[in-house]
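Results of the structural survey
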Amino acid sequence: DQQVKQNSPSLSVQEGRISILNCDYTNSMFDYFLWYKKYPAEGPTFLISISSIKDKNEDGRFTVFLNKSAKHLSLHIVPSQPGDSAVYFCAASLTSGTYKYIFGTGTRLKVLA
Amino acid sequence: EPEVTQTPSHQVTQMGQEVILRCVPISNHLYFYWYRQILGQKVEFLVSFYNNEISEKSEIFDDQFSVERPDGSNFTLKIRSTKLEDSAMYFCASSGYYGYTFGSGTRLTVV
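Residues numbered from 1 in each chain as written. Chains lettered and ligands numbered in written order. Predicted model: local features only at pLDDT ≥ 70, side-chain atom pairs only at ≥ 80, totals over all residues. Heavy atoms only, no water.

**Quick word on the nonpolar core**
Across soluble globular proteins, nonpolar side chains have a tendency to be buried as a group. For the record, the criterion: Definition used in this section: a nonpolar core is a set of buried Ala, Val, Leu, Ile, Met, Phe, Trp, Tyr and Cys residues joined via side-chain atoms within 4.5 Å. For every residue, the accessible area (1.4 Å probe, protein chains only) is compared with the maximum for its type, and the residue is labelled buried under 20%, exposed over 50%, or partly exposed between those bounds. Secondary structure elements follow DSSP: runs of H or I of four or more residues count as helices, runs of E of two or more count as strands, with numbering from the N terminus.
The biggest cluster of nonpolar side chains holds 24 residues, and the ones touching the most others in it are A:Val4, A:Phe33, A:Trp35, A:Leu73, A:Leu75 and A:Tyr88. Secondary structure elements with two or more residues in this core: strand E3 (19–25), strand E4 (32–38), strand E5 (45–51), strand E7 (62–67), strand E8 (72–77), strand E9 (86–93) and strand E11 (107–112) of chain A. The element that contributes the greatest number of residues to this core is E9(A), accounting for 4 residues. Among the nonpolar cores identified, the runner-up in size contains 23 residues, and B:Ile26, B:Val67, B:Phe75 and B:Leu108 belong to it.

**Remarks on the interface of chain B and chain A**
What counts here: Working rule for contacts: check all heavy atoms of both residues, and any pair within 4.5 Å makes them a contact. By convention, the term buried area covers the 1.4 Å-probe accessible surface removed from two parts as they join, with the contributions of both added. Take a side-chain nitrogen of Lys or Arg and a carboxyl oxygen of Asp or Glu: if they are within 4 Å of each other, that pair is a salt bridge. For this analysis, a polar contact is any N or O atom pair within 3.5 Å, provided that within protein one partner can donate a hydrogen and the other can accept it, and provided that sequence-adjacent residues contribute only side-chain to side-chain pairs. Under the scheme applied, nonpolar residues are Ala, Val, Leu, Ile, Met, Phe, Trp, Tyr, Cys and Pro; charged residues are Asp, Glu, Lys and Arg; polar residues are all the others, including Gly.
On the chain A side, the residues contacting the 15 residues of chain B number 16 residues. Between chain B and chain A the total buried area reaches about 1,400 Å² when both faces are included, carbon and sulfur atoms providing 61% of it. Together, B:Lys42, B:Tyr100 and B:Phe102 form the three largest contributors to the area buried by chain B at its contact with chain A, with a combined 37%. Our count for the chain B to chain A interface comes out at 0 salt bridges. If you look at where chain B meets chain A, you find 1 residue pair in polar contact (both at pLDDT 80 or more). The element contributing the most residues to the side of chain B that touches chain A is strand E4 (residues 31–37) of chain B, with 4 residues. Split by residue class, the side of chain B that touches chain A holds 8 nonpolar, 5 polar and 2 charged.

**Some points on the sheet that holds strand E3 (residues 19–24) of chain B**
Residues and elements named next belong to chain B. To be explicit about the condition: Any two strands are treated as partners once DSSP identifies two or more bridges connecting them. All axes here are fitted lines through C-alpha atoms, helices being fitted over the stretch that makes contact, and every angle between N-to-C directions spans 0 to 180 degrees.
Strand order in this open sheet of 4 strands is E1-E3-E8-E7, and the pairing throughout is antiparallel. Looking at strand neighbours, the two that pair on one side only are strand E1 (5–7) and strand E7 (65–68), the edges of this open sheet. Taken over all neighbouring pairs, the strand axes of this sheet differ in orientation by 20 degrees on average, direction set aside. Pairing of E3 with strand E8 (residues 75–79), which is carried by 5 bridges, proceeds in the antiparallel orientation.

**Describing the state of the cysteines**
Disulfides are covalent bonds that link the sulfur atoms of two cysteine residues. For the record, the criterion: Disulfide assignment relies on a single distance test, namely cysteine sulfur atoms paired within 2.5 Å.
Tallying each qualifying case throughout the model produces 2 disulfides over all chains. A disulfide bridge connects A:Cys23 with A:Cys90, and the sulfur atoms are separated by 1.9 Å. Residues A:Cys23 and A:Cys90 share a disulfide whose torsion about the S-S bond is about 60 degrees; that sign makes it right-handed. Placement of A:Cys23 in strand E3 and of A:Cys90 in strand E9 is noted, with a sequence separation of 67 residues between them. The same class applies to A:Cys23 and to A:Cys90, which are both buried. Across a sulfur-sulfur distance of 1.9 Å, B:Cys23 and B:Cys92 are joined as a disulfide pair. Because the sign of the S-S torsion sets the handedness, a value of about -65 degrees for the bond joining B:Cys23 and B:Cys92 places this disulfide among the left-handed ones. In this pair, B:Cys23 sits in strand E3 while B:Cys92 sits in strand E9 (residues 88–96), placing the two residues 69 residues apart along the sequence. Relative accessible area serves as the criterion here: at 1%, B:Cys23 is assigned to the buried category. You can call B:Cys92 buried: its relative accessible area is 0%.

Written out as structure tokens, the structure is:
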């Protein structure tokens, strides 16, 4: 049961352009969403989050958009930099209970210099 | 910046052997978790731990798995009799007011 889906396993973008990573979820009860970045041989590191009461959250070059009716969120990185090359996971959780995260399958972003 | 520490970084074990993966969560965090990532697949939830007991576990976390917080500092994941399919990266995480922090993982290779 794939509650959180990232349908693009990989994405290549030219340096300086916008990277858009997409994520869909099925459980309408999720109320908190996050993006994590993961480099090889390292644990996921937190990037940006959004609560379900918002539809946009921005932090520097990173913006997350949430469309609750479509059960869709996206991460925009602009401008993309070679150091952004990593695997990006979206995750969803319920802010009650154990706060466990359900992760998507990840999208490997490659930013070309 | 506080971090979650996992040891060892890489463990190779024979099938059928017991392994213990160790984690030192962030000291003022209250929730502790184990996740795993099989090569090329998504990060999967295994178990959450709060107030010295398991609060939730996935179907992956069967009787072969157990967790313990033996001394108020360490948080361990034990696999009693490892199988080839247990080969994966195992990530410990802890969470507090400001959210989750993951460790850098232990790569378990079962041969």
